Amino acid sequence: MKSKDFFHKENNPQNFAGTQKSLDDQEVSEYITEILYEDEFEDRLSDDAEAAGNSAAGIMGRFLSMKRWKKIVLCVVTALVVMAAGLTGSFFYLRAQGEKNLKTTVKPDAEDESNPEEGLFITYKDKKYKYNEDVINFLCLGIDKDIPIEEKTIIPQVESGSEGFADTIVLISINVESGEIKMLAIPRETITQIKVIDPEGNFDRNENVQLNYQYVYGKDAAASCELMVETVSNLLYQVPIQRYCSINLNAVSILNDAIGGVDVQILEDVEGDSGTYYAGEVVHLMGDMALDYVRERDSQVYGSSLGRLDRQKQYITNYFATAKEVVRNDLSLPLNIYNGLQDNMCTNITVEDIAYLVPELLEVNLSAENMTTVPGEATWPGEVMEYIPNQEQLKEIVISYFYEEIAQK
């Protein structure tokens, strides 16, 4: 940097004698400054500040001298850059919040022998297991009513409750570390202990009945979902269930058509309102066709609900594979579907959860090997089927899906 404080033509003639000849007048003038007295130094801009001021003035001058259309373009581009940076920051913030809220942390002191935290640790055949923190569980429920999810429906089979039956009960588990999805289908007729709630919303008693009755007793859809979460968790040895989502029948066609429909190879003959489908044929399901395929069954045939459960598992698998490809081209689709299902869905999944999960789901896979049904036996003590779980086999599935062995010390 050229100094203006150490050289002055009038005060240093000898210093300039040798250099003045080699510099033209303009160059020499850059070295000539006025003498500053001591009290003037504080008021003089530093070189850097002066340069910054000149730079800012130059930029503003160039901006003001621009043509009007150039000014507009520059302002728009600047606004877009700022907006993009803000949106990017917001997206990563939402993702971080979603991960924090979804994951269940297993604290080191949770394995207190005198009072272990339920669901986080499990013992089986003299081995100890702890809950895998990378696993996030979603309880997905299909509710047997074709009215908005919050509206009541008449259920003559029970003395209280009017939220509808949970005809489809599936626990979907996402391991965000290994990139696997596992699905555990629970027959609606599974006999387990449920909570009976009176019309005022107070606990009345426990009963061992079909699991699908539990949804009936909530005072609203959210309360019904929470009751189902608690009951299913108890059935699966208190495994943590982080989120729930219940949809009514109207939501099926909305979900199906949002991704352009789903291809299936028909597993068994199905007769529905939109037509008859025969085993073995490949069909592209659109609109009410999808609803027929996952809902209809012949109630006169014993075990028909289990055949329907197999169709539902197949449909979910194919839907997920199709949705992954569609979402790759439109990352806003999950949020659009989420917003479009409000009247037909009840969930505690948040926007932050979606921001975190969508990129993760694009990298995970759902295969037939990772889909199973709660093991058990179907019986008919009366006209209604009862499904009795095999507790030993169920515990082994729970451990393999949700837990990891603790190394012996």
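Our subject is the structure listed above.
In short, a report on the structure.

Rules used throughout
Residues numbered from 1 in each chain as written. Predicted model: local features only at pLDDT ≥ 70, side-chain atom pairs only at ≥ 80, totals over all residues. Heavy atoms only, no water. Pairing = 2+ DSSP bridges. Helix = DSSP H or I, 4+ residues; strand = E, 2+ residues; numbered from the N terminus. Axes fitted to C-alpha atoms, helices over the stretch in contact; angles between N-to-C directions. Contact = heavy atoms within 4.5 Å. Core = buried A, V, L, I, M, F, W, Y, C linked by side-chain atoms within 4.5 Å. Buried < 20%, exposed > 50% of the residue type's maximum accessible area, 1.4 Å probe, protein only. Salt bridge = Lys/Arg side-chain N within 4 Å of Asp/Glu carboxyl O.

Attention now moves to the sheet that holds strand E13 (residues 345–347). Taken in spatial order, the 6 strands line up as E13-E8-E3-E4-E5-E14 in an open sheet, and their pairing is mixed. The open sheet has two free edges, formed respectively by E13 and strand E14 (371–373), since each of these has just one partner strand. Between one strand axis and the next, the sheet turns through 15° on average, direction left out of account. The pairing of strand E8 (residues 243–248) with E13 spans 3 bridges and is classified as antiparallel. Bridged to Ile247 within E13 is Met345. Across the sheet, helix H11 (residues 391–402) is in contact with strand E3 (135–143), strand E4 (166–175), strand E5 (180–185) and E14; its angle to E5 comes to roughly 155°.

Let us look at the nonpolar core. The nonpolar side chains of a soluble globular protein tend to be buried with one another. Tyr315 and Tyr319 are the most contacted members of the largest nonpolar core, which has 46 residues in total. When residues in this core are grouped by element, the largest group, 5 residues, is from helix H8 (residues 304–329). The residues contacting Tyr319, other than those within four sequence positions of it, are Leu255, Asn256, Ile259, Val262 and Ile337. Counting residues in each nonpolar core, the second largest holds 40 residues, with Ile122, Ile143, Ala221 and Val239 among its members.

Bringing the pattern of salt bridges into the picture now. Evaluated as defined, the whole model comprises 15 salt bridges. A salt bridge links Lys145 to Glu163; the nearest nitrogen and oxygen atoms lie 3.8 Å apart. One end of the pair, Lys145, is in the loop between E3 and E4; the other, Glu163, is in the loop between E3 and E4, with 18 residues separating them in the sequence. With respect to burial, Lys145 and Glu163 carry one shared label: buried. Where Lys313 meets Asp310, a salt bridge forms, and the shortest distance between an N and an O atom there is 4.0 Å.

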